[in-house]
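Architecture at a glance
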Amino acid sequence: MFTGIVEELGEIVQVTPTAGDSALVAVRGPLVTSDARHGDSIAVNGVCLTVVEVADGTFTADVMGETLRRSALGALRPGDPVNLERAAALGSRLGGHLVQGHVDGVGELISREPAEQWETVRFRLPAALARYVVEKGSITIDGVSLTVAEVGADQFAVGLIPTTLKLTTLGAKGVGDPVNLEVDVVAKYVERLLGARLTDTDGHGVASSTDGVA
């Protein structure tokens, strides 16, 4: 579990294809590797990866073909910057929101609107994720916890403050660039639970309850 607060701007060192369509990815990140061990979780652009090896400020992780296909990690090349965050520790402050590191889909940056104190950045939203994105709700973009400023049928916008622009990859993203999206997991659980309550086992569309409470 993560919080969406990027700890370090790292760099892809090497991508080595392995068996099938998977890959071994080496990422430089002196801060996140300072206490990393084999088996630890580190989010790379919002994707939870398991540390295989750590050496000299660099960690390697196995990335399955499924992950490469369903996220923007497959497009990364040596030298590319990446947002890094270690797994949250129990008892620490939750600065962003609950982030699983499980990418729900890939979006696309479609416009940037600079202002004096911030920048409004708009992204295209996959149709399957639109129902989970609400104005003033939370969304994770390349591992960065952000608040939705505007939302439309197939796009949404966020406001980026100078710190986010400077310390994450979002400051250098251009129009057309892909981004990893993770919607708020609470919204998905609510949908699942409400769907089960609104349809009884006979499919009558009536909430069933043994104690008379829907």
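Cut-offs applied
Residues take numbers from 1 onward in each chain, read along the sequence in its written order. The predicted origin of the model limits local features to residues at a pLDDT of at least 70 and limits the giving and counting of side-chain atom pairs to 80 or more, whereas totals for whole chains, interfaces and linings rest on all residues. Only hydrogens and water are set aside; all other atoms, that is, all heavy atoms of the structure, feed into the side-chain values. Three exposure classes are used, based on accessible area relative to the maximum for each residue type with a 1.4 Å probe and protein chains only: buried under 20%, partly exposed in between, and exposed over 50%. Numbered from the N terminus, helices here are DSSP runs of H or I no shorter than four residues, and strands are runs of E no shorter than two. Paired strands, as defined in this entry, are two strands with at least two bridges between them according to DSSP. As used in this structure description, the phrase polar contact means that two N or O atoms lie within 3.5 Å; if the pair is within protein, one of them must be able to donate a hydrogen and the other to accept it, and residues adjacent in sequence are counted only when both atoms belong to side chains. Residue contacts are counted whenever heavy atoms from the two residues lie within 4.5 Å of one another.

Here we come to the pairing of strand E12 (residues 178–183). Within E12, five of the six residues are buried, which leaves it mostly tucked inside the rest of the structure. In terms of strand pairing, strand E7 (residues 105–114) meets E12 through four bridges, oriented antiparallel. Pairing of Gly-105 across the sheet is with Leu-181, part of E12. With three bridges joining them, strand E9 (residues 138–141) and E12 adopt antiparallel strand pairing. In the sheet register, Ile-141 faces E12, and the bridge partner there is Leu-181.

Right, let's get into the side chain of Ser-145. Relative to the helices and strands, Ser-145 resides in strand E10 (residues 144–151). By relative accessible area, which is 18% here, Ser-145 ends up buried. Polar side-chain contacts of Ser-145 include one of 2.7 Å to the side chain of His-97. Contacts of Ser-145, omitting those with residues within four sequence positions, involve Thr-3, Gly-4, Gly-96, His-97 and Ile-139.

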